[in-house]
Amino acid sequence: MAAITASMVAELRGKTDAPMMECKKALTEADGDMAKAEEILRVKLGNKASKAAARVAAEGVVCMSLSADGKVGAVVEVNSETDFVAKNDEFLALAKGCADLVASKNPADVAALSALPLGEGTVESTRSALVGKIGENMSIRRFVRVEAKGKLATYVHGGAKIGVLIDVVGGDEQLAKDLAMHIAASKPKSIDASGVSAELLDTERRIAIEKARESGKPEAMLEKIAEGTVQKYLKEVTLLGQVFVKAEDGKQTIEQLLKQKGASVAGFTLYVVGEGIEKKVDDFAAEVAAQAAAAAAKK
């Protein structure tokens, strides 16, 4: 049996927001396997135990660059330590310069982008000088460059915290804008089911089976219930399966909208600032001490 440490409990709590004792029980049941413990919590607590995407530490901006003909575009995420710096004009100029360079120079990776000329030096020297001037670390986290099959559209939301770059074949400018806004709001994982990993679907299937089993459903029905759950999940996380956020009847899917407009989506990129970077849990020891004190007071 693996030893369950306080740091393991803290890590699982940071990923799930589940109560500490539930995290400890799940880790014990999973013999210390963090991924399995997350599954156990989702079975017991449902979606309340899946908040990792909202628990991010990095601040910064998502910045776009788009050619005049809409055929080449780029999206870049540049991070800072605080939101205050993310609003600094020089920081925003650095992010915009990076986006323009990605679109025009097509660098292979962040290292190649950092070596490109910018201002009186390079991207890296500009970044370093700004770090020294402001006194806060900054980093170029990731970027994507797209050469369109159709025509590109962009959408930036929430003070440049969410950015969408979408390639739409057919349709018109308003449709492309609406689709980009929909993606920012609904955050699909892929265009259709082919873009969702088998591993992710297997996880959803296992969770559905365990939930159904715990609720007393007959064994013979578990696979059917799991398949229904997976299909529902795919509608929620694939662009074509999602209900259009501006649908007047509240039912029209993106797939139906595209058919109506004679258009298709060749691809999209969705960036959320700090996505996948978890906040450091600073108050765990204080929380443990407070709970211990409360327990002692009851005795």
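Residues numbered from 1 in each chain as written. Predicted model: local features only at pLDDT ≥ 70, side-chain atom pairs only at ≥ 80, totals over all residues. Heavy atoms only, no water.

A. View of the sheet that holds strand β6 (residues 151-157). Ordered by their spatial adjacency, three strands build an open sheet running β6-β7-β8, and the pairing between neighbours is antiparallel. Because the sheet does not close on itself, it has two edges, and the strands there are β6 and β8 (264-272). Ignoring which end each strand starts from, the neighbouring axes of this sheet average 15° apart. Together, β6, β7 (162-169) and β8 form the strand contacts of helix α8 (residues 173-186), whose direction differs from that of β7 by roughly 140°. (Pairing = 2+ DSSP bridges. Helix = DSSP H or I, 4+ residues; strand = E, 2+ residues; numbered from the N terminus. Axes fitted to C-alpha atoms, helices over the stretch in contact; angles between N-to-C directions. Contact = heavy atoms within 4.5 Å.)

B. Focus on the nonpolar core. Val76, Phe91, Cys98, Leu113, Val123 and Ile140 are the most contacted members of the largest nonpolar core, which has 24 residues in total. Residue assignment for this core shows that the elements contributing at least two residues are β1 (59-66), β2 (72-80), α4 (83-86), α5 (89-105), α7 (123-134) and β5 (138-147). Counting residues per element, this core draws most heavily on α5, which supplies eight residues. Dropping the residues within four chain positions of it, Leu113 is found in contact with Cys98, Leu101, Val102, Pro107, Val123, Ile140 and Phe143. (Core = buried A, V, L, I, M, F, W, Y, C linked by side-chain atoms within 4.5 Å. Buried < 20%, exposed > 50% of the residue type's maximum accessible area, 1.4 Å probe, protein only.)

C. Quick peek at the sheet that holds β1. Spatial ordering of the open sheet is given by β1-β2-β5, a layout of three strands whose pairing is antiparallel. The open sheet has two edge strands, β1 and β5, and neither has a second partner. Taking the axes of each pair of neighbouring strands and ignoring which way they run, one obtains an average angle of 15° across the sheet. Relative to β5, β2 runs antiparallel, the two sharing nine bridges. Within the sheet, the bridge partner assigned to Val72 lies in β5 and is Glu147. Its contacts with the sheet place α5 against β1, β2 and β5, and it is angled at close to 40° to β1.

D. Main features of the pattern of salt bridges. Enumeration according to the criterion identifies 16 salt bridges in this entry. For Arg142, the salt bridge goes to Glu77, with nearest N and O atoms at 2.6 Å. One end of the pair, Arg142, is in strand β5; the other, Glu77, is in strand β2, and 65 residues separate them in sequence. Salt bridges here are not isolated pairs; linked through shared partners, they connect Glu59, Asp83, Lys87 and Lys161. (Salt bridge = Lys/Arg side-chain N within 4 Å of Asp/Glu carboxyl O.)

E. Seen up close, the layout of surface pockets. Reported here for the second largest pocket is a volume of approximately 250 Å³. Looking at the second largest pocket, the residues that line it are Leu66, Lys151, Leu152, Ala153, Thr154, Val168, Gly170, Gly171, Asp172, Glu173, Ala176 and Lys177. Of all the elements in the fold, those that place two or more residues in the lining of the second largest pocket are β6 and α8. With four residues, β6 is the single largest residue contributor to the lining of the second largest pocket. (1 Å grid on protein atoms, 1.4 Å probe; cavity = no way out; pocket = protein on both sides within 12 Å on 5 of 7 lines; lining within 4 Å. Points joined across faces, edges and corners; volume = space filled by probe spheres on them.)

F. Here's a closer look at helix α2 (residues 20-29). Residues Met20, Cys23, Ala26 and Leu27 constitute the buried set of α2. Summarising the axial view, the buried residues of α2 lie within an arc of 125°, below the 170-degree limit, and thus occupy one face. Turned more than 90 degrees away from the buried face of α2, the exposed residues are Met21 and Glu29. Asp31 sits one or two positions beyond α2 and adopts a positive phi of about 55°. (Arc of directions from axis to C-beta.)

G. Expanded view of the packing of α5 against α7. Where α5 contacts α7, the axes come no closer than 11 Å and their chain directions differ by 165°. Overall, the two elements α5 and α7 adopt an arrangement that is roughly antiparallel. You can see that α5 and α7 cross each other, and the crossing is left-handed. Of α7, the residues touching α5 (which contributes Glu90, Phe91, Leu94, Cys98 and Leu101) are Val123, Thr126, Arg127, Leu130 and Lys133. (Parallel < 35°, antiparallel > 145°, perpendicular 65-115°, else oblique. Left-handed = near helix turned anticlockwise from the far one by under 90°.)

H. Focus on the side chain of Glu77. Look at Glu77 and you get buried, because its relative accessible area is 0%. At a separation of 2.8 Å, a polar atom in the side chain of Glu77 contacts the side chain of Asn79. (Polar contact = N/O pair within 3.5 Å; in protein donor to acceptor, adjacent residues only side chain to side chain.)

I. Structural context of the packing of helix α9 (residues 198-214) against helix α10 (residues 219-237). Direction vectors running N to C along α9 and α10 enclose 135°, while the axes themselves pass 8 Å from each other. In this view, α9 runs oblique relative to α10, as classed from their interaxial angle. Crossing of α9 over α10 shows right-handed handedness. On α10, the residues touching Leu200, Leu201, Glu204, Arg205, Ala208, Ile209, Ala212 and Arg213 of α9 are Glu219, Leu222, Glu223, Ile225, Ala226, Glu227, Thr229, Val230, Tyr233 and Leu234.

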